[in-house]
Every structure is written in structure tokens, then in C-alpha cells.
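So you can see what is in the structure, the chains are spelled out below.
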Amino acid sequence: MLYTIARQTLLLSVFGLLSFNISLASEMASPSMLSDTCLGCHGPSGISDGPATPTISGMSEIYLIGAMLAYKYDNDEDKVDAVIEADPDLEDVEYFARTSTVMDRIAKGYTEAEIKAIAKYFAALPFKAQKQDVNVEQAQAGASIHENHCEKCHEDGGRSAEDDAGVLAGQWIPYLEYTMADFFSGDRAMPKKMKKQMKEVHEMHGENSVAELIQFYANQE
Ligand code: HEC
Ligand code: HEC
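Residues numbered from 1 in each chain as written. Chains lettered and ligands numbered in written order. Predicted model: local features only at pLDDT ≥ 70, side-chain atom pairs only at ≥ 80, totals over all residues.

J.: So what exactly am I meant to see when it comes to the site of ligand 1 here?
T.: As a matter of local geometry, ligand 1 sits amid 19 residues, with Cys38, Cys41, Ser100, Thr101 and Met103 nearest to it. Taken together, the elements giving at least two residues each to the shell around ligand 1 come down to helix 2 (31-42), helix 3 (61-72) and helix 5 (103-107). The biggest single contributor to the shell around ligand 1 is helix 2, with five residues. In terms of residue class, the shell around ligand 1 is made up of twelve nonpolar, seven polar and no charged. (Near = placed C-beta within 6 Å. Helix = DSSP H or I, 4+ residues; strand = E, 2+ residues; numbered from the N terminus. Nonpolar A, V, L, I, M, F, W, Y, C, P; charged D, E, K, R; others polar.)

J.: It is not clear to me how the packing of helix 2 against helix 6 (residues 112-123) should be interpreted in this structure. Could you clarify?
T.: Two measures define how a pair of helices packs: the angle their axes make with one another and the distance between the axes. Running from N to C, helix 2 and helix 6 point in directions that differ by 85°, and their axes come no closer than 9 Å. In terms of their interaxial angle, helix 2 and helix 6 are classed as roughly perpendicular. Judged by residue contacts, Pro31, Ser32, Leu34 and Ser35 of helix 2 engage Glu114, Ala117, Ile118, Lys120, Tyr121 and Phe122 from helix 6. Classifying every residue of the contact of helix 2 with helix 6 by side-chain character gives six nonpolar, two polar and two charged. (Axes fitted to C-alpha atoms, helices over the stretch in contact; angles between N-to-C directions. Parallel < 35°, antiparallel > 145°, perpendicular 65-115°, else oblique. Contact = placed C-beta atoms within 7 Å.)

J.: Which parts of the structure should I look at to understand helix 11 (residues 209-218)?
T.: Two residues of an α-helix separated by three or four positions point the same way, owing to the 3.6 residues in each turn. Counting buried residues along helix 11, nine of its ten residues qualify, which places the element largely inside the surrounding structure. For helix 11, the complete set of buried residues consists of Ser209, Val210, Glu212, Leu213, Ile214, Gln215, Phe216, Tyr217 and Ala218. On its buried side, helix 11 packs onto helix 7 (136-149), helix 8 (155-158), helix 9 (173-185) and helix 10 (192-205). (Buried ≥ 20, exposed ≤ 12 C-beta atoms within 10 Å, placed from the backbone.)

J.: Would you mind going over the site of ligand 2 with me for this structure?
T.: Close contacts around ligand 2 come from 24 residues, with Cys150, Cys153, Ala165, Gly166 and Met194 the closest. Mapped onto the shell around ligand 2, the elements with two or more residues apiece are helix 3, helix 9 and helix 10. The leading source of residues in the shell around ligand 2 is helix 10, at five residues. Among the residues forming the shell around ligand 2, the class breakdown is 15 nonpolar, six polar and three charged. Per-domain counts for the shell around ligand 2 show at least three residues from each of domain 1 (31-123) and domain 2 (136-218). (Domains from an automatic or database assignment.)

J.: Quick question: what am I supposed to make of the environment of Met28 here?
T.: Here Met28 lies in the loop between helix 1 (2-27) and helix 2. Using a count of 14 C-beta atoms within 10 Å as the deciding quantity, one classes Met28 as partly exposed. If near-sequence neighbours (up to four positions away) are discounted, Met28 is found in contact with Ala113, Glu114 and Ala117.

J.: Would you take a moment to explain the confidence of the model for the protein for this structure?
T.: The predicted coordinates of low-pLDDT regions are not to be read in fine detail. Across the protein, pLDDT averages 90, with 88% of residues at or above 70. Every residue in residues 14-23 scores below 50 in pLDDT, and together they form zero contacts with partners more than four places removed in sequence or on other chains. (pLDDT = per-residue confidence, 0-100.)

J.: How should helix 7 be read in this particular structure?
T.: End to end, helix 7 covers 20 Å across 14 residues, agreeing with the expected 20 Å (1.5 Å per residue, within 8%). Buried residues belonging to helix 7 abut helix 8, helix 10 and helix 11. (Expected span 1.5 Å × (residues − 1).)

Okay, structure coming up:
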């Protein structure tokens, strides 16, 4: 009797496990398969070779997930917040409105579970800075502006991913230029404190300050 029950429990749990595995396999492709689609634009290993496309390797999972959710839900803050609240893994994800030329369409093709898997995949790959021609004089002027106004959240000269604020160092100059223009036009949302710093930078250092910051980031290795 005891033996039968034990055996039944064992069988049940084996079947339980099997069907669990099967359902996982049929629901979701492997992270590297899911991420294959991204490489055409974001470059092999997520290191971009196109000037308007950012490198996404080495950014934090939290940042990547936040970006993908904003794209997926067309900047519908309520929808993104509902997704974040429903999943304890997403506790640290923050919503910021984003501009998109292609990413809104691409992100809609993935479920939240897939987005999490893709984010984990790219976060684990190393970031590599682009080699590009830089105006060294402007980059030097940008260094002290960065130190005083941006380093707090974009640590290590914009290299660190730890603050969930992307990676600025070594991104393509055109991508940084588009991004800054989007921030200034208000099409892409800045965190409140970043907006305050940007305003101060503009007031204190004038028109060229944005170009100087961009050259500084582009000059980081
Ligand atoms: C057709 C080209 C293309 C494909 C394919 C593509 N991306 Fe993008 N991605 C872009 C461009 C261009 C941007 C800049 C935003 C925009 O214009 O849509 C971007 C921006 C991003 C950003 C924001 C990065 C930042 O620094 O803020 C993330 C994250 C991202 N893509 C992830 C992905 C992932 C993950 C995939 C695959 C599932 C993917 N992308 C596929 C072109 C592409
Ligand atoms: C209070 C923290 C904070 C400060 C200060 C700050 N930032 Fe940011 N920054 C962020 C966060 C958070 C994000 C990511 C927003 C998002 O997810 O879209 C970000 C995003 C960015 C991006 C876009 C990154 C990408 O990959 O698309 C750029 C460029 C940027 N910041 C530049 C600056 C500059 C230049 C300064 C200084 C004038 C600055 N930031 C100051 C928090 C900050």
C-alpha cells in the first residue's frame, strides 16, 4: 500500500516534470535564438556597426527590460507600470518614454518572459567601445562637464552599467546626437534629476556643451 502510493507519487512527479519541460520548450526558444533577430542591426554580439544603432551588450538587465517595455507598449505608462507591478523580478525597472523608429515594432514580437531572457543574454555579453574619430579638444571640455553633472548616475565616465542608465562611453556619435536631440525636444523622457543637470549644463556652459559631452563619451575606451 505504502509502496503503491510512493510509486504513484513518483510517477506523477516524473510526468509533472516532463510536461513542465515540454511546455517550457514549446513556449520559448533559447535566449541566443531569440536574440538572433537583434544582431542584424545591433551587430554581432550586440556591438553595433551602424552609426544610428546603439550597442546593447553589457547594459544592465533592468535598463534593457525598461527600454523594451516602453517600446512594446508604445509609451503607455499605465500598461508598462502594470507589467512591472505584476512581476517581482521587475521591481527596479523604471518607465521612461522613448522615441522609436523601428524598436516599437520589433519589441511587440516578444512576450515579457522572452524580453527578460533576451535582457539577461545581452547584459552578460561584454560592452565594446567603438573606434571613431573624435574632436579631442571638445572631448576634454566635456570631461569636466561630465564629472560635475553626469558622473553621479553615469559612473566611470559613462562606462558603468550599474546605475541602470544605459552605457554612454563608446557609443556611436550619431546615436548620441539623435538621443540628445530627442531628450531636448521632449520626445524622450529624462529622469527628473538628469533634466535638472542638463538645464544647468546648458546655462553654465552654453550651446557647445552637448557636443562636448558627446565627444567625451565617444572618446572613452
Ligand atoms: C531593424 C534594426 C533593429 C533590430 C532588428 C533591432 N533593433 Fe534595437 N534598436 C534599433 C535602433 C535604430 C534603435 C534606436 C531606437 C529606434 O530608433 O527605434 C534601437 C534601440 C534599442 C534599444 C535601446 C538602447 C539604448 O541605448 O537605450 C534596445 C534595448 C534595443 N534596441 C534592443 C533590441 C533587441 C533586444 C532586439 C532584438 C529582439 C533589437 N533591438 C532589434 C534597431 C534595431
Ligand atoms: C539622476 C541620475 C542621472 C543624471 C544626473 C544624469 N543621467 Fe543620463 N540617464 C539617467 C537614466 C536613469 C537614464 C536611462 C533613462 C531610460 O531608461 O530611458 C539616462 C539616460 C541617458 C542617455 C541615453 C542612453 C542611451 O543609451 O540611450 C544619455 C545620452 C544620458 N543619460 C546623458 C546624460 C548626461 C549628458 C548627463 C549630464 C548632463 C546625465 N545623463 C545625467 C540618469 C541620469
